[in-house]
Amino acid sequence: MDGNQVAPHNGVWTPLKGTTEQPNFSYLHEREHKRELRLESAQEGTRITQSQHEDLERNMIFALRTAFVGTLQAKSILDLAKADLEYYDKIIDISRARFKAGDLAQIDLDRIELLRVQYESELQNAIVNLRTAKIQLLQMLNDRTPVDQFDVTGLFDFSDALQPLGSYRDAALAARPIFKPRCRRFNSP
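Residues numbered from 1 in each chain as written. Predicted model: local features only at pLDDT ≥ 70, side-chain atom pairs only at ≥ 80, totals over all residues. Heavy atoms only, no water.

**Q** Help me out: how do you make sense of the packing of helix 1 (residues 34-101) against helix 2 (residues 106-114) in this one?
**A** When two helices pack together, their arrangement is captured by the angle between the axes and the distance separating the axes. Their axes nearest at 10 Å, the elements helix 1 and helix 2 cross at an angle of 170°. Classified by the angle their axes make, helix 1 and helix 2 are roughly antiparallel. Contacts between helix 1 and helix 2 involve Tyr-88, Ile-92, Ser-95, Arg-96 and Phe-99 on the former and, on the latter, Gln-106, Leu-109, Ile-112 and Glu-113. The residue inventory of the contact of helix 1 with helix 2, partitioned by class, reads 5 nonpolar, 2 polar and 2 charged. (Axes fitted to C-alpha atoms, helices over the stretch in contact; angles between N-to-C directions. Helix = DSSP H or I, 4+ residues; strand = E, 2+ residues; numbered from the N terminus. Parallel < 35°, antiparallel > 145°, perpendicular 65-115°, else oblique. Contact = heavy atoms within 4.5 Å. Nonpolar A, V, L, I, M, F, W, Y, C, P; charged D, E, K, R; others polar.)

Take a look at the structure:
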């Protein structure tokens, strides 16, 4: 019988029969600082992943801000389309008065009234565009508010007060300090 018992011998189990203990010590020795290189590579991979995460966050915020401004723009265009239609209705009223006075032919009045369809179409397109912009913004916010109950407010107007170029650069560097050492040579005196 061999030294290892696989089945009981005479009804007795002796699983360690024929075995001996022998101390063993092993140490993984890596040459040319490979362990340190792997550790450094893992740390760099972590930094890259963090940078990618920050870029993703910046891109998402930029997309959200773009959607917000797009919604404000669509609201402004809708207001403008309404104002255009109201103004054109006044032109039609004036044209009807001219027709009654005999200053305008029926065919010219018909053309003027027919052109109102373009303004109505512009108004309908503005309504659809605003609704689409709101839907996109709601999707980005993961908000389930009905579109008709959702509204954005903010200033959507031109401002001719421009800041000096240096202030924009400083704001950009403050937002992305990783680029600060590289941009020293571009600083103005």
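**Q** I would appreciate a short explanation of the side chain of Ser-95 in the present structure.
**A** Mapped onto the secondary structure, Ser-95 falls in helix 1. Setting aside residues no more than four positions away along its own chain, Ser-95 makes contact with Leu-104, Leu-109 and Ile-112.

**Q** Where do I start with helix 1 in this structure?
**A** The periodicity of an α-helix, 3.6 residues per turn, causes residues three or four positions apart to be oriented the same way. Taking 1.5 Å per residue as the helical rise, helix 1 with its 68 residues ought to reach 100 Å, and the 98 Å between its terminal C-alpha atoms agrees with that figure. When helix 1 is considered as a whole, its buried residues turn out to be Ala-67, Thr-71, Leu-72, Ala-74, Leu-78, Ala-81, Leu-85, Tyr-88, Ile-92 and Ser-95. (Expected span 1.5 Å × (residues − 1). Buried < 20%, exposed > 50% of the residue type's maximum accessible area, 1.4 Å probe, protein only.)

**Q** Help me understand unusual backbone geometry in this model?
**A** Peptide bonds are mostly trans, and most non-glycine residues show a negative phi. Positioned with a positive phi, Asn-142 is a non-glycine residue whose angle comes to about 55°. Inspection of the secondary structure puts Asn-142 in the loop between helix 3 (116-141) and helix 4 (165-175). Residue classification places Asn-142 among the exposed positions, given a relative accessible area of 57%.

**Q** Even after reading the chapter, I still don't get a nonpolar patch on the surface, so can you show me in this structure?
**A** A cluster of nonpolar residues, Phe-68, Val-69 and Phe-156, forms a patch on the protein surface that exposes about 240 Å² of accessible area. Mapped onto the secondary structure, Phe-68 falls in helix 1. A relative accessible area of 31% means that Phe-68 is categorised as partly exposed. (Patch = residues over 30% accessible without salt bridge, like charges linked within 9 Å, V, L, I, M, F, W, Y side chains within 5 Å. Areas by Shrake-Rupley, 256 points an atom, 1.4 Å probe, with all protein chains shown as cover. Salt bridge = Lys/Arg side-chain N within 4 Å of Asp/Glu carboxyl O.)

**Q** I tried to follow helix 3 on my own but got confused; where do I start?
**A** Across its 26 residues, helix 3 extends 38 Å between first and last C-alpha, which sits within 8% of the 38 Å expected from 1.5 Å per residue. Taken together, the buried positions of helix 3 are occupied by Leu-123, Ala-126, Leu-130, Ala-133, Lys-134, Leu-137 and Leu-138. Asn-142, located one to two residues past helix 3, shows a positive phi value of around 55°.

**Q** Explanation requested: the pattern of salt bridges in the structure shown.
**A** Proximity of charged atoms lets side chains of opposite charge pair with each other. Summed over the entire model, instances satisfying the criterion amount to 10 salt bridges. For Asp-170, the salt bridge goes to Arg-169, with nearest N and O atoms at 3.9 Å. Its relative accessible area of 44% is what places Asp-170 among the partly exposed residues. Overall, Arg-169 belongs to the partly exposed group, its relative accessible area being 24%.

**Q** How should the packing of aromatic side chains be read in this particular structure?
**A** Throughout the structure, instances matching the rule amount to 1 aromatic pair. A ring pair is formed by Tyr-88 and Tyr-119, whose centres lie 4.6 Å apart and whose planes are at 25°; its orientation type is stacked. Remark: Tyr-119 occurs in helix 3 and Tyr-88 occurs in helix 1; sequence separation between them is 31 residues. What makes Tyr-88 buried here is its relative accessible area of 8%. (Phe/Tyr/Trp six-rings, centres within 6.5 Å; stacked < 30°, edge-to-face > 60°.)

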